[in-house]
4 protein chains.
Amino acid sequence: MTKPPNPQRRSQKSRDAILTAALELCGEEGYGRMTIEGIAARAGVSKKTIYRWWPSKGAVVLEALHEAADTVAPHPDTGDFAADMRTQMATVIRFLSPPSHAPLAGLVADALRDPELAEQMRERLVRPRIEAFGQRMRRAQEQGQLHPDADLDVALDLFYGPLYHRLVLHLGLPEPAYLDTLIEHVIRALDPGHGRT
Amino acid sequence: MTKPPNPQRRSQKSRDAILTAALELCGEEGYGRMTIEGIAARAGVSKKTIYRWWPSKGAVVLEALHEAADTVAPHPDTGDFAADMRTQMATVIRFLSPPSHAPLAGLVADALRDPELAEQMRERLVRPRIEAFGQRMRRAQEQGQLHPDADLDVALDLFYGPLYHRLVLHLGLPEPAYLDTLIEHVIRALDPGHGRT
Amino acid sequence: MTKPPNPQRRSQKSRDAILTAALELCGEEGYGRMTIEGIAARAGVSKKTIYRWWPSKGAVVLEALHEAADTVAPHPDTGDFAADMRTQMATVIRFLSPPSHAPLAGLVADALRDPELAEQMRERLVRPRIEAFGQRMRRAQEQGQLHPDADLDVALDLFYGPLYHRLVLHLGLPEPAYLDTLIEHVIRALDPGHGRT
Amino acid sequence: MTKPPNPQRRSQKSRDAILTAALELCGEEGYGRMTIEGIAARAGVSKKTIYRWWPSKGAVVLEALHEAADTVAPHPDTGDFAADMRTQMATVIRFLSPPSHAPLAGLVADALRDPELAEQMRERLVRPRIEAFGQRMRRAQEQGQLHPDADLDVALDLFYGPLYHRLVLHLGLPEPAYLDTLIEHVIRALDPGHGRT
DNA sequence: GTCTAAACGAGACGGTACGTCTAGTCTTTCT
DNA sequence: AGAAAGACTAGACGTACCGTCTCGTTTAGAC
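Just so we're clear, the structure is a prediction, and the values are computed from it rather than from any experiment.

Chemist: What is the right way to look at the protein's contact with DNA strand E in this model?
Modeler: Taken together, 40 residues sit near DNA strand E, with K47 and Y51 of chain A, N6 of chain B, K47 of chain C together with T49 of chain D positioned nearest. If you look at DNA strand E and keep only atoms within 4 Å of the protein, 62% of those are sugar or phosphate atoms. Here a phosphate oxygen of DNA strand E and a backbone polar atom of N6 of chain D are 2.8 Å apart. A distance of 3.1 Å separates a base nitrogen of DNA strand E from a polar atom in the side chain of S46 of chain D. Those elements that provide at least two residues to the surface near DNA strand E are α2 (36-43) and α3 (47-53) of chain A, α3 (47-53) of chain B, α2 (36-43) and α3 (47-53) of chain C together with α3 (47-53) of chain D. Looking at the surface near DNA strand E residue by residue, the classes come out as 10 nonpolar, 14 polar and 16 charged.

Chemist: In this structure, what is going on with the relation of the copies chain A and chain B? I would like to understand it.
Modeler: Laying chain A over chain B is done by rotating through 180 degrees and shifting 0.0 Å along the axis; what remains is an RMSD of 1.1 Å. Expressed as a symmetry operation, the mapping of one chain copy onto the other fits a two-fold axis. By residue overlap, the copies meet face to face through one surface: 92% of the interface positions of chain A are interface positions in chain B.

Chemist: Would you mind showing me how to read the protein's contact with DNA strand F here?
Modeler: Around DNA strand F, the structure places 38 residues, and the nearest of them are T49 of chain A, K47 and Y51 of chain B together with K47 and Y51 of chain D. The separation between a phosphate oxygen of DNA strand F and a polar side-chain atom of R52 of chain C is 3.1 Å. Secondary structure elements with two or more residues in the surface near DNA strand F: α3 of chain A, α2 (36-43) and α3 of chain B, α3 of chain C together with α2 (36-43) and α3 of chain D. Across the surface near DNA strand F, the residue classes tally to nine nonpolar, 14 polar and 15 charged.

Chemist: Honestly, the packing of aromatic side chains in this entry has me stumped. Any pointers?
Modeler: When we look at a pair of aromatic rings, we describe it by the centre distance and by the angle of the planes. For the structure on display, the rule yields 12 aromatic pairs over all chains. Geometrically, the ring pair formed by F133 of chain B and F159 of chain B is edge-to-face, given 5.9 Å between the ring centres and 75 degrees between the ring planes. With a gap of 26 residues between them, F133 of chain B in helix α7 (residues 115-142) and F159 of chain B in helix α8 (residues 152-168) connect regions that are remote in the sequence. Of the two residues, F133 of chain B and F159 of chain B, both sit in the buried class. Here R10 of chain A stacks its cationic end above the ring of W54 of chain A, 4.8 Å away from the centre of that ring. The ring of Y31 of chain B carries K57 of chain B above its face, with NZ or CZ at 4.5 Å from the centroid.

Chemist: Please explain the packing of helix α5 (residues 81-95) of chain A against helix α7 (residues 115-142) of chain A as it appears in this structure.
Modeler: Packed helices, taken two at a time, are described by the angle between their axes plus the distance between the axes. Residue and element names in this part refer to chain A. The N-to-C vectors of α5 and α7 enclose an angle of 160 degrees; their axes lie 10 Å apart at closest approach. One finds that α5 runs roughly antiparallel with respect to α7. Two packed elements cross with a definite hand, and for α5 against α7 that hand is right-handed. Residues F81, D84 and M85 of α5 pack against F133, R136, M137 and A140 of α7. Looking at side-chain class alone, the contact of α5 with α7 contains five nonpolar, no polar and two charged residues.

Chemist: What is the right way to read the interface of chain C and chain D from this model?
Modeler: How big an interface is tends to be stated in terms of accessible area lost as the parts join. In this assembly, 45 residues from chain C lie in contact with 47 residues from chain D. A per-residue breakdown of the area chain C buries against chain D is headed by L112, R113 and H170 of chain C, which together make up 17% of the total. Our count for the contact surface shared by chain C and chain D stands at four salt bridges. Among the ionic pairs, D157 of chain C bridges to R166 of chain D, the shortest N-O distance being 2.7 Å. Connecting chain C to chain D are 16 residue pairs in polar contact (both at pLDDT 80 or more). When residues of the side of chain C that touches chain D are traced back to their parent elements, those giving at least two are α6 (102-111), α7 (115-142), α8 (152-169) and α9 (176-189) of chain C. For the side of chain C that touches chain D, the element with the highest residue contribution is α8 of chain C, accounting for 14 residues. Considering only residue class, the side of chain C that touches chain D consists of 26 nonpolar, nine polar and 10 charged.

Chemist: Teacher, can you tell me more about the packing of helix α1 (residues 12-29) of chain D against α2 of chain D here?
Modeler: Residues and elements named next belong to chain D. Two elements in contact, α1 and α2, have axes separated by 8 Å at closest approach and are oriented at 120 degrees. Looking at the two axes, α1 sits oblique to α2. Here the hand of the crossing between α1 and α2 comes out right-handed. Across the interface between the two elements, A17, I18, A21, A22, E24, L25 and E28 of α1 pack against G38, I39, R42 and A43 of α2. For the contact of α1 with α2, a count of residues per class yields seven nonpolar, one polar and three charged.

Chemist: Whenever I open this one, the interface of chain A and chain B confuses me. Can you help?
Modeler: Between chain A and chain B, the residue contacts involve 49 residues of the former and 45 residues of the latter. Between chain A and chain B, roughly 4200 Å² of surface is buried when both sides are summed, and carbon and sulfur atoms account for 66% of that area. Ranking the residues of chain A by area buried against chain B places L112, R113 and H170 of chain A at the top, with a combined share of 17%. Counting every contact that joins chain A to chain B gives four salt bridges. In this structure, the salt-bridge partner of D110 of chain B is R113 of chain A, at a minimum N-O distance of 2.8 Å. Along the contact surface separating chain A from chain B lie 16 residue pairs in polar contact (both at pLDDT 80 or more). Looking at the side of chain A that touches chain B, the elements with two or more residues in it are α6 (103-111), α7, α8 (152-168) and α9 (176-189) of chain A. Sort the elements by how many residues they give to the side of chain A that touches chain B and α8 of chain A lands first, with 13 residues.

Chemist: What am I meant to see in the environment of G79 of chain D here?
Modeler: Along the polypeptide, G79 of chain D turns up in the loop between α4 (57-69) and α5 (81-96). Beyond its immediate sequence surroundings of up to four residues, G79 of chain D is in contact with D84, R136, Q143 and Q145 of chain D.

Chemist: Explanation requested: the domain arrangement of chain A in the structure shown.
Modeler: All names here are of chain A. For chain A, the domain assignment lists domain 1 (8-60) and domain 2 (68-194). Between the C-alpha centres of domain 1 and domain 2 there is a distance of 28 Å. On the side of domain 2, nine residues touch domain 1, which itself brings 11 residues to the contact. Across the domain 1/domain 2 interface, buried area totals approximately 670 Å², and carbon plus sulfur atoms make up 63% of it.

Chemist: What is the right way to read the arrangement of the chains from this model?
Modeler: Note that chain A does not reach chain D: the shortest distance linking a C-alpha of one to a C-alpha of the other is 17 Å. At their nearest point, the C-alpha atoms of chain B and chain D are still 14 Å apart, with no contact between the two.

Chemist: When you look at the environment of L112 of chain B in this model, what are you seeing that I'm missing?
Modeler: Checked against the element boundaries, L112 of chain B lands in the loop between α6 (102-111) and α7. The residues contacting L112 of chain B, other than those within four sequence positions of it, are P99, S100, A105, V108, A109, L167 and H170 of chain A.

Chemist: Help me understand empty space enclosed by the protein, please; the structure alone is not making it clear to me.
Modeler: Summary: where empty space remains is shown by rolling a probe the size of a single water molecule over the atoms. Residues and elements named next belong to chain A. Applying the stated criterion to the full structure yields one cavity of 30 Å³ or more. Each pocket or cavity is described by its volume, and for the largest cavity that value is around 400 Å³. Every residue lining the largest cavity is counted, 19 residues in all, and those nearest its centre are V92, L104, L125, R129 and Y164. For the lining of the largest cavity, the secondary-structure elements that each account for two or more residues are α4 (57-72), α5, α7 and α8. Top contributing element to the lining of the largest cavity by residue count: α7, with five residues. In terms of residue class, the lining of the largest cavity is made up of 15 nonpolar, three polar and one charged.

The rules we used
Residues numbered from 1 in each chain as written. Chains lettered and ligands numbered in written order. Predicted model: local features only at pLDDT ≥ 70, side-chain atom pairs only at ≥ 80, totals over all residues. Heavy atoms only, no water. Near = heavy atom within 4 Å. Polar contact = N/O pair within 3.5 Å; in protein donor to acceptor, adjacent residues only side chain to side chain. Helix = DSSP H or I, 4+ residues; strand = E, 2+ residues; numbered from the N terminus. Nonpolar A, V, L, I, M, F, W, Y, C, P; charged D, E, K, R; others polar. Least-squares fit on C-alpha atoms with pLDDT ≥ 70 in both. Contact = heavy atoms within 4.5 Å. Phe/Tyr/Trp six-rings, centres within 6.5 Å; stacked < 30°, edge-to-face > 60°. Buried < 20%, exposed > 50% of the residue type's maximum accessible area, 1.4 Å probe, protein only. Lys NZ or Arg CZ within 6 Å of the ring centre and 35° of its normal. Axes fitted to C-alpha atoms, helices over the stretch in contact; angles between N-to-C directions. Parallel < 35°, antiparallel > 145°, perpendicular 65-115°, else oblique. Left-handed = near helix turned anticlockwise from the far one by under 90°. Buried area = accessible area lost by both parts, 1.4 Å probe. Salt bridge = Lys/Arg side-chain N within 4 Å of Asp/Glu carboxyl O. Domains from an automatic or database assignment. 1 Å grid on protein atoms, 1.4 Å probe; cavity = no way out; pocket = protein on both sides within 12 Å on 5 of 7 lines; lining within 4 Å. Points joined across faces, edges and corners; volume = space filled by probe spheres on them.

Pasting the structure below:
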């Protein structure tokens, strides 16, 4: 019944102010204490304008992260796969700390109870990063730094699983030394040639 | 200043009704839509009684899960470590999948924004299961099914990390065949003898 | 600072559509539920166009009523003053009764909280009708049907006061028989010869 | 579905604070600009508490007026009916004039678009005053100051009609001298013995 | 077996944020 | 330049829960 707004007439200024305010407030007060009203006030924007373009607080944060994310944690390629993974994962860890103020952690929490948001998060935020990881991994295989039969899915699970496991069970994100240990184990796991003789 | 209530005079009937109502409502409406008011109404209990004994909705669900959990996913010991892990992890996966995932997923979501709850969850729900996993792993080492130098933390991260990673990023929990692949990789990773020649 | 629009370039079509839409909506949904947005939508006109020419919803309705009113309740002159008053007042009563009372009652309500609108209503809608009543009364005096010293203000108050009194206190507008009784009383009151002996 | 609140547990303090705040705000900002939010803030009360006991702003003002009204305009009885009417009507006029006219005028305006409120206003605010007027009038008849056949309804219409007529059409409430003239006319009208011989 | 203190049910309270609504302004595009 | 379309800021609306706070009413341990 209520016809959708016309995106062509959208105010770029308001959009930017909203996304900026959301990230700021998330950092200052934590995702949980941040409210739509607070975002509107900070951005100097009417609540209506937020509700016109986003269905929920999570959707705003998702778009803000999407906007910022490409520059945040790219996969470097220095030629040393293990070292590059260490660099990239350290960035991700920094991005998830501290959990209560991390936009991504809040988004993860909301997505656990909002399937629509979960799908958006997966498709817009997660998938592209999985893709980027896949490309880096394939280069590592071509350069002989990773076994050519290594499975992308398994690699993803073993590299990043520990991070989210520790994040959501509050076991403490890995320290650098432990991160090295983890990466070493995973690379070994991905080499099927190392099975028992 | 408000003195704590006397646990000796606590009504067992109310406590049980509250925990039962919480799990029921969680299943029926979802964790997010469940409210303290709703639990009180369903349990035939005053809101005050809930707030007297628990600080938050999450704490109620945590206790309800704690009550139910010991029986949920014990670590079997048939003598075959890989097979036992497969069995146990399959149980965990079932527990993390719809429709039964609501209470735990909701709890995880709340804990991401409530450090107090996060600590309770870790100490009461997670730690005991880590301990149980540790015992099973040590037996596997004694029986020569796992390398004696295998690191407990790494093992935990690599076995269970993929599950939570996939849960919170909504990538779909592992199917049985893929679960086998994962376990195989992890056991290989835990064997330092499989390092480069 | 915003200069007034040039009335010469005003679109007659828009003006008519707005006034028509206002009266229609007033009848269909009631004055209170009618909105400027609704009028604009119904008239196929931009809100801006309404605000350009009228300061408020009340002003639109006022103009619409003004347009329609001259033909509504003229003072007949059959030579019988009492009978003519009965006719005219019956018309007014019909105008103040459901379902047609919506525009005027709404206007009256708005004017009670908007002095600007109140003044417009008095000058454009009320004054001309008082003038018309005055002319009819003076003819009645010339024809000897009303005492030559009868006071116009008092006559107006006593004839029409009961109508508005009953309208705004929701006491029910006069039935025909009671209207006769009222008119009889008023005409008697206006004859100072009928003072105490 | 939503069961009504229990009046026995109602907080008298909140009720009084709300009614007081409503009348104060009405005087300070005017009925139209007064909001439920404003009343709640001024009274130090939650909006919910207002909505729990009253359906609308008008209902609050109605109750506040009802509370205050008995003491406002009683019908004196000095033995001189005309003089007493003059006194009482002057009080009413003062009550309907700025700045004190705000609550009643606002209520009248709201009642014109809210039938429920209109009925409440009539039954709780208007009827009792009509009854009081009727009693005074009957005493005047017994004391021979008013014709024994004088009609209560007509008397009410002719005495008070001019006040409301002038109020809602913004013609200016009667000055004292004109009030005398009016009363004189009305008393004459109510004496059927003064008809033409 | 009373007595009595505290836990209980019920639910009203002050708050906060929600998501919706309309007012009135401003911007863009078309005629 | 006027008008249509409609996005914008502003802010009140009425609702939902929150967590706190009385109220009487059980009820269980101590006397």
